Amino acid sequence: MTMPRFLKTTSPGKRRTLLLTAAIAAAACLPLSPALAQANSRNVSAAEWAKIQEAARKEGKVIVYATMGPAVHDRIVEAFNANNPGIKMELVRVVGAALTAKIEQERVVQNVVGADMMLTADIRWAGDAVKKGYLKTPVGPAAAAYPDAWLRGGQVALMAPTPWVMHYNTNLVKTPITSYQDLLRPELAGKIGGVSLVAEVVTLFYKWLDETNPGYLEKLAAQKVKMYPSTVGSANSTASGEIAAGVFSVIPVDNALHAQKAPIKTVIPNPSYGFAYGAAIVSWAKNPNAALVAQDFIMSVKGQAAIVGNGESGSPVPGVPGALDTSKVNLSLIDWDKVTPEGVKAFEARWNSLFGAR
C-alpha cells in the first residue's frame, strides 16, 4: 500500500508528477463490538453492510468534529442527512490544533459524549493515532473502492487536496496581485492580513514560503502583517476593507464571500502549496456503526462532491462533479513523512521572532 507524500501538478503541456512512498503499515484497530466483528478489511459483504446500516439507524446519529470552512460543513451535513434517513449528522466546527486536543481529551475521559469521527488537517497526529490504535478501519462499498494511495495507515482517508491561496479587495487594490512578491509593495504596508499559527498546517505553509523564497518572511514581517485566528476572520476583514489583501486563505472560505458579491479576488499562486484533509473514526466512538456509515459516505462520490463544492478542492475519487482540476494547478502537498515535531517547533520560534507570538 502507498500513500501520497508529495503531489506536484504542472501547467498544461507539462508532465504531471505524483511521487508516492511506502505507507506506514496499518496498525491493528481496537476490538470492535461483537455486532461489528469483522476482518481487518475495508470490504464487507452486502449482508454485513446492511447490518451495519441498520445498527446505525438504531444509534440514530453521528457526531463529527471538523475543521473545514463553514460552507463545506453545511454541504456535508445536508448531503449526508439527505442520503441516510434515520441517521442525523451533528457536525461541530473546531479550528486548528484545538480539534485534535479535544479528541485527545475525550480519549482519556471516554465517558463523555464526544466525537465519533473527525475531519482534520492534522495528518501527522492522525498518522500517529493509527500506530497507537486510536482509530478504526473504514468499511463499506465506497471505502473498499477508495484509492489505496490516499489512505494513511489504512485508516485515515486523505481527501480534498487543497491549495492555499491569496486574495485582495478589488476596491482597494487596483493593480492585480498575482504572486507572493506582490504583497511586498510599499502601498500595502499595514494593510495585509495573515493567519497565526493555530495549526501545524499553517506553520508548514509559512515554512514552505520561507524555504522557497529566501529572505521573504523578513520582508513580509516588515509590512506589519495583521494576524487573525482563522482564515474566516482574515477573509472577512479583506472583504470588508479592514485590510487590503491576505497572504493565507482557502478557496471554500473565499467562495462564501464571492457568493455574497464581496469585492474580493482569489489568486492561486504559481507555484502553490497545500494539504489534504483526513477523515477518520475514533476507536471509542459512542455511535460506531453510524460512524462507519458516515465515513463511507465521505469516501463516496456524493460525499466527495459535497466537500469539493464548486472547484474548491480536488478529489482522489474519479468522476466527482465540481472537483478542482489539479492538473491545471502547480501544486505541491505537504510531505508528512518529512515533518518532525522538532522542525515545526524550531520554525515556530523563528516565526514568532518575526511576527510576534500570537
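The structure under discussion appears in the preceding block.
As a starting point, this report considers the structure included with it. Fair warning: this is a prediction, and the values are worked out from it, not measured in the lab.

### Digging into the overall build of the protein
Helix and strand content of the protein: twelve helices and 14 strands. Residue pairs at least 24 apart in sequence account for 75% of intrachain contacts in the protein once pairs closer than 6 positions are excluded. Element-wise, carbon and sulfur atoms account for 55% of the exposed surface of the protein, whose accessible area totals about 14,700 Å².

### Quick look at the packing of aromatic side chains
Following the criterion strictly, the structure yields 17 aromatic pairs and no others. Measuring from centroid to centroid gives 5.6 Å for Phe-80 and Phe-297, while their planes differ by 75°, and the two rings are edge-to-face. A residue pair is termed long-range when its members are at least 10 positions apart, and Phe-80 in helix α2 (residues 70–83) and Phe-297 in helix α10 (residues 288–298) qualify at 217 residues. The residues Phe-80 and Phe-297 share a single accessibility class, namely buried. Each member of the aromatic cluster is reached from another via a ring pair, and the members are Trp-164, Tyr-180, Phe-205, Tyr-206, Trp-208, Phe-248, Tyr-273, Phe-275, Tyr-277, Trp-351 and Phe-355.

### Side note on the packing of α2 against helix α11 (residues 301–308)
Any two packed helices are characterised by how steeply their axes cross, that is the angle between the axes, and by the distance between the axes. Between α2 and α11, whose axes approach to 8 Å, the crossing angle comes to 155°. Accordingly, the angle class assigned to the pair α2 and α11 is roughly antiparallel. You can see that α2 and α11 cross each other, and the crossing is right-handed. Within the contact between the two elements, α2 uses Val-72, Arg-75, Ile-76, Ala-79 and Asn-83 and α11 uses Lys-302, Ala-306, Ile-307 and Val-308.

### Observations concerning helix α1 (residues 46–59)
Compared with the 20 Å implied by 1.5 Å per residue over 14 residues, the 20 Å span of α1 between its first and last C-alpha is a close match. By the burial criterion, the buried members of α1 are Glu-48, Trp-49, Ile-52 and Ala-56. Burial along α1 is one-sided: seen end-on, the buried residues are contained in an arc of 100°. Relative to its buried face, α1 has exposed residues pointing more than 90 degrees away, namely Ala-46, Lys-51 and Lys-58.

### Focus on the pairing of strand β3 (residues 61–66)
Here β3 lies mainly inside the structure; five of its six residues are buried. Inspection of the sheet shows β3 paired to strand β4 (residues 88–93) by six bridges, in the parallel sense. Residue Val-62 lies in a different strand from β4, and its bridge partner there is Met-89. Note that the unit made of β3, α2 and β4 has a crossover that is right-handed.

### Thoughts on empty space enclosed by the protein
Summed over the entire model, instances satisfying the criterion amount to three cavities of 30 Å³ or more. By volume, the second largest cavity amounts to about 50 Å³. Forming the boundary of the second largest cavity are Met-68, Val-72, Ala-160, Thr-162, Pro-252, Tyr-277, Ile-307, Glu-312 and Ser-313. For the lining of the second largest cavity, the class distribution of residues is six nonpolar, two polar and one charged.

### Some points on unusual backbone geometry
That bond from Asn-270 to Pro-271 is cis: its omega, 5°, falls within 30 degrees of zero. Its location among the elements puts Pro-271 in the loop between β12 (264–267) and β13 (272–282). Positive phi outside glycine occurs at Ala-160, with the angle close to 50°. Position of Ala-160 relative to the elements: it lies in strand β8 (residues 156–169). Phi at Lys-224 is positive, roughly 55°, even though this residue is not glycine. In this structure, Lys-224 sits in the loop between α7 (216–221) and β10 (226–228).

### Let's talk about the nonpolar core
Val-62, Met-159 and Tyr-206 are the most contacted members of the largest nonpolar core, which totals 114 residues. Not counting the four nearest positions on each side in its chain, Tyr-206 is found in contact with Gly-194, Val-195, Leu-197, Leu-217, Met-227, Val-247, Phe-347 and Trp-351.

### Here's the deal with the pairing of β13
In terms of burial, β13 is a largely internal element, eleven of the eleven residues being buried. Of the two faces of β13, the one lined by Ser-272, Gly-274, Ala-276, Gly-278, Ala-280 and Val-282 and the one lined by Tyr-273, Phe-275, Tyr-277, Ala-279 and Ile-281 are each fully buried. One ladder, built from four bridges, connects strand β5 (residues 117–120) with β13; its direction is antiparallel. Paired with Met-117 across the two strands is Ile-281, which belongs to β13. Here two bridges tie strand β6 (residues 135–136) to β13, and the two strands are oriented antiparallel to one another. By the bridge assignment, Leu-135 is partnered in β13 with Val-282. Judged from the five bridges that link them, β8 and β13 form a sheet pairing that is antiparallel. In the strand pairing of β13, Met-159 is matched with Tyr-277.

### Topic: a nonpolar patch on the surface
A contiguous nonpolar patch, built from Val-108, Val-109 and Val-112 and spanning about 240 Å² of accessible area, is present on the exposed surface. Among the structural elements, Val-108 can be located in helix α3 (residues 98–108).

### A few points about the pattern of salt bridges
Applying the stated criterion across every chain, the model contains 13 salt bridges. With a shortest N-O distance of 3.1 Å, Arg-152 and Asp-337 are connected by a salt bridge. Pair noted here: Arg-152 is in strand β7 (residues 151–152) and Asp-337 is in the loop between β14 (331–333) and α12 (341–355), with a separation of 185 residues, a long-range link. Between Asp-335 and Lys-338 there is a salt bridge; the shortest N-O distance is 3.9 Å. Among the ionic contacts, a cluster of salt bridges with common partners joins Asp-210, Glu-218 and Arg-350.

Reading the values: the criteria
- Residues numbered from 1 in each chain as written.
- Predicted model: local features only at pLDDT ≥ 70, side-chain atom pairs only at ≥ 80, totals over all residues.
- Heavy atoms only, no water.
- Helix = DSSP H or I, 4+ residues; strand = E, 2+ residues; numbered from the N terminus.
- Contact = heavy atoms within 4.5 Å.
- Areas by Shrake-Rupley, 256 points an atom, 1.4 Å probe, with all protein chains shown as cover.
- Phe/Tyr/Trp six-rings, centres within 6.5 Å; stacked < 30°, edge-to-face > 60°.
- Buried < 20%, exposed > 50% of the residue type's maximum accessible area, 1.4 Å probe, protein only.
- Axes fitted to C-alpha atoms, helices over the stretch in contact; angles between N-to-C directions.
- Parallel < 35°, antiparallel > 145°, perpendicular 65-115°, else oblique.
- Left-handed = near helix turned anticlockwise from the far one by under 90°.
- Expected span 1.5 Å × (residues − 1).
- Arc of directions from axis to C-beta.
- Pairing = 2+ DSSP bridges.
- Right-handed = clockwise from strand over helix to strand, strands pointing away.
- 1 Å grid on protein atoms, 1.4 Å probe; cavity = no way out; pocket = protein on both sides within 12 Å on 5 of 7 lines; lining within 4 Å.
- Points joined across faces, edges and corners; volume = space filled by probe spheres on them.
- Nonpolar A, V, L, I, M, F, W, Y, C, P; charged D, E, K, R; others polar.
- Core = buried A, V, L, I, M, F, W, Y, C linked by side-chain atoms within 4.5 Å.
- Patch = residues over 30% accessible without salt bridge, like charges linked within 9 Å, V, L, I, M, F, W, Y side chains within 5 Å.
- Salt bridge = Lys/Arg side-chain N within 4 Å of Asp/Glu carboxyl O.

Read these as spatial facts, not as claims about activity.
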